[in-house]
Amino acid sequence: MPHHKKRLKLNVTIGLFVCLVVAFSLMVTDLIVSKQVAANTHQELVDRSRMVASIMANSITVIECLSGLDDEGDIQIFANRILKKANVQFVTVMDMNRVRKSHPDPENIGKVYELSDADPAFAGQETISTASGSLGPSLRTFVPVFGPDGRQIGVVLVGILLNEVEQAVDVSRAGVFVGIYLGMFVGLSGALLLANHIKKAMFGLEPSEIAQLLEERNAMLQATREGMIAIDGEGRVTLVNSAAMKLLAAVGIRHDIRGENVEECIPNTRLYEVLVNGNPEYDHEQNLHGVTWLTNRVPVRVSGRIVGAISTFRDMTEITTLAQKLVGIQNYAEALRSQTHEFMNKLHVILGMVRLGKFDHIQPYVSQIAQHYQVEVGSVIRRIKDPVLAGFILGKISRGRELNVLLQLQEASSLPEAASEETVHDLITILGNLIDNAMEALQDADEKNIRLELTHQDACLTARISDSGPGIPLAMQPRIFDHGFSSKGPNRGIGLHLALNSALRLGGNIQIERSDANGTTFVVQLPYPEKGGPEID
């Protein structure tokens, strides 16, 4: 058995894909936002330390103590109060000799600040640095202190430990992480809802199953011998199979009509009418540039709403040819049945004579049958050289006797063997339908006679079929060859239509002699090349 690679289901695939997209997007967002958050947090801490340092540098207490106007011990007290309220880790005040006058660790008071990052501040410039001091790595802001006379008298150092900076950044990023997790949850939920909605819209099928159905549908559409055209709700052509392209090319429409309005590219299609009224049309004849199609048109409904229409059609020539072959076979079978029935009747008569012991009557009866057979069969075979056609006519004569109808092959008849078997089959279709119609017309007639005359001249056949029936009214005669037209009830009106199509296909025609008198005469004229004779161009 072939091994099929197992595929993930649609909802799982969409869920994973959306989750990956959301996760990647949120990761990128986290990198960008986190960097910005870190920068903003760092700047906020810098601004805080600068503000605290400026307050200390401009306070009267610090200025007076560094100027020697007040006790230097007040600086430590003031710095401790600032530490409690300003949310910084240390505040250090130094004189111009770099001696600390305040420090979070009292033991460092009086000691010299030795790091070089304070050099710009002692030169009168405000500066910011990151360095490791006695309390560890920290963010430091240096602000010079100026006396009342404008002379620099010291430097204020305000620091925030770097671990505090990192904690502040982490706190700021916590909201970002919450958004990431929430986004993942929303993305996953949305992916599952989307997958279920898509799968419901696709009737629960997986993409691989839809692809397989599409391939099978395309294979069926291209394999069918009937043309098929589909339109959407706007009347635009959405589907044309290969058979339809061939049939359209035969009537001069050779370009790709997909996407075009069906009314503009195919005249007389009636697909738009079916789309509007929703009524299907079956077995309608559609004539396009002299070619007749047998067409079926049906609307396409989805959930009770018409969303399009489909037309299937086939060249009437193919259907007519098939029907003619079937009618020819039926005529053969009918002729054989009639002959068999007549022969069985005669055998029953002979069997009855045998049982009654009338042996002296059997010989005259058989001789009479043989003589009649020789006369009838000999007359037909002598005039009709084609054995198939001759057998057909003999079968119709026997059928006529069953119906009390006298079918006579006229003395003037003469027909050679045909060059083509197809011509004989078509001729049997024509004569069979005309003779059967004549027999039906004679059912209630007092005189039941049919005269058949077949003449051949200049590779052309002329057949005259005359009956003694009531005749066809003049008003009906122009329509008797129309498909489905009949005065005999529904589901009739096919035979004469097929007979005319057969004659036209052979390059001939059928006419009815107009008359108000009793009786009807059909005249058939068509090319009939004889076997061994010259071909007709």
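Residues numbered from 1 in each chain as written. Predicted model: local features only at pLDDT ≥ 70, side-chain atom pairs only at ≥ 80, totals over all residues. Heavy atoms only, no water.

**Remarks on the side chain of Asp-467**
Note on placement: Asp-467 falls in strand β12 (residues 460-467). Of the side chains bearing the opposite charge, Arg-451 lies closest to the buried Asp-467, which forms no salt bridge; the N-O distance is 7.8 Å. Engagement of the side chain of Asp-467 in a polar contact is seen with the backbone nitrogen of Gly-469, the distance being 2.8 Å. Residues contacting Asp-467, with those up to four places away along its chain left out, are Ala-438, Leu-442, Asn-449, Ile-450, Gly-519 and Thr-520. (Helix = DSSP H or I, 4+ residues; strand = E, 2+ residues; numbered from the N terminus. Buried < 20%, exposed > 50% of the residue type's maximum accessible area, 1.4 Å probe, protein only. Lys, Arg positive; Asp, Glu negative; His and termini not counted. Salt bridge = Lys/Arg side-chain N within 4 Å of Asp/Glu carboxyl O. Polar contact = N/O pair within 3.5 Å; in protein donor to acceptor, adjacent residues only side chain to side chain. Contact = heavy atoms within 4.5 Å.)

**Focus on the packing of helix α12 (residues 387-402) against helix α13 (residues 421-441)**
Contact geometry for α12 and α13: axes closest at 11 Å, N-to-C directions at 10°. Taken as axis vectors, α12 and α13 run roughly parallel relative to one another. Classified by chirality, the crossing of α13 by α12 is right-handed. Every residue of α13 that contacts α12 at Val-388, Leu-389, Phe-392, Lys-396, Arg-399 and Gly-400 is listed here: Val-424, Leu-427, Ile-428, Leu-431, Gly-432, Ile-435, Asp-436 and Met-439. The class makeup of the residues in the contact of α12 with α13 is nine nonpolar, two polar and three charged. (Axes fitted to C-alpha atoms, helices over the stretch in contact; angles between N-to-C directions. Parallel < 35°, antiparallel > 145°, perpendicular 65-115°, else oblique. Left-handed = near helix turned anticlockwise from the far one by under 90°. Nonpolar A, V, L, I, M, F, W, Y, C, P; charged D, E, K, R; others polar.)

**Some words on the sheet that holds strand β13 (residues 509-512)**
Within the open sheet, the five strands sit side by side as β10-β11-β12-β14-β13. Their pairing is mixed. Here the strands that pair on one side only, and so sit at the sheet edges, are β10 (406-409) and β13. Pairs of neighbouring strands in the sheet enclose a mean axial angle of 15°, with direction left out of account. Pairing geometry for β10 and strand β11 (residues 449-457), over four bridges, is parallel. Residue pairing for β11: Leu-409 is matched across the bridge by Leu-452. (Pairing = 2+ DSSP bridges.)

**A look at the pairing of strand β8 (residues 291-302)**
Of the pairings in the sheet, the one linking strand β7 (residues 281-288) to β8 comprises six bridges and is antiparallel in character. Note that in β8 the partner of Asn-287 across the bridge is Thr-292. Sheet topology note: the β8/strand β9 (residues 305-315) ladder contains 10 bridges and is antiparallel. Note on β9: the bridge partner recorded for Val-298 is Ile-310. With antiparallel pairing between neighbouring strands as the criterion, β8 and β9 make up a hairpin whose turn holds two residues, including Ser-303 at a positive phi of roughly 55°.

**Some thoughts on helix α7 (residues 242-250)**
Taken as a whole, α7 has its buried residues at Ala-243, Ala-244, Leu-247 and Leu-248. Along the axis of α7, the buried residues cluster in a sector spanning 130°; they form a single face. Close packing links the buried residues of α7 with β5 (227-232), β6 (237-240), β8 and β9. At the exit of α7 stands Gly-252, carrying a positive phi of roughly 95°. (Arc of directions from axis to C-beta.)

**Remarks on the packing of aromatic side chains**
Applying the stated criterion across every chain, the model contains two aromatic pairs. Both rings, one in Phe-481 and one in Phe-522, keep their centres 6.3 Å apart while their planes meet at 75°; by these two values the pair is edge-to-face. Of this pair, Phe-481 sits in the loop between β12 and α14 (495-505) while Phe-522 sits in strand β14 (residues 520-527), placing them 41 residues apart in sequence. Each member of the pair, Phe-481 together with Phe-522, is buried. (Phe/Tyr/Trp six-rings, centres within 6.5 Å; stacked < 30°, edge-to-face > 60°.)

**With respect to the environment of Met-353**
You can see Met-353 is positioned in helix α10 (residues 316-356). For the pair formed by Met-353 and Tyr-365, sequence separation is 12 residues and the distance between their alpha carbons is 9.9 Å. The contact partners of Met-353, leaving out residues within four places of it in the chain, are Lys-358, His-361, Ile-362 and Tyr-365.

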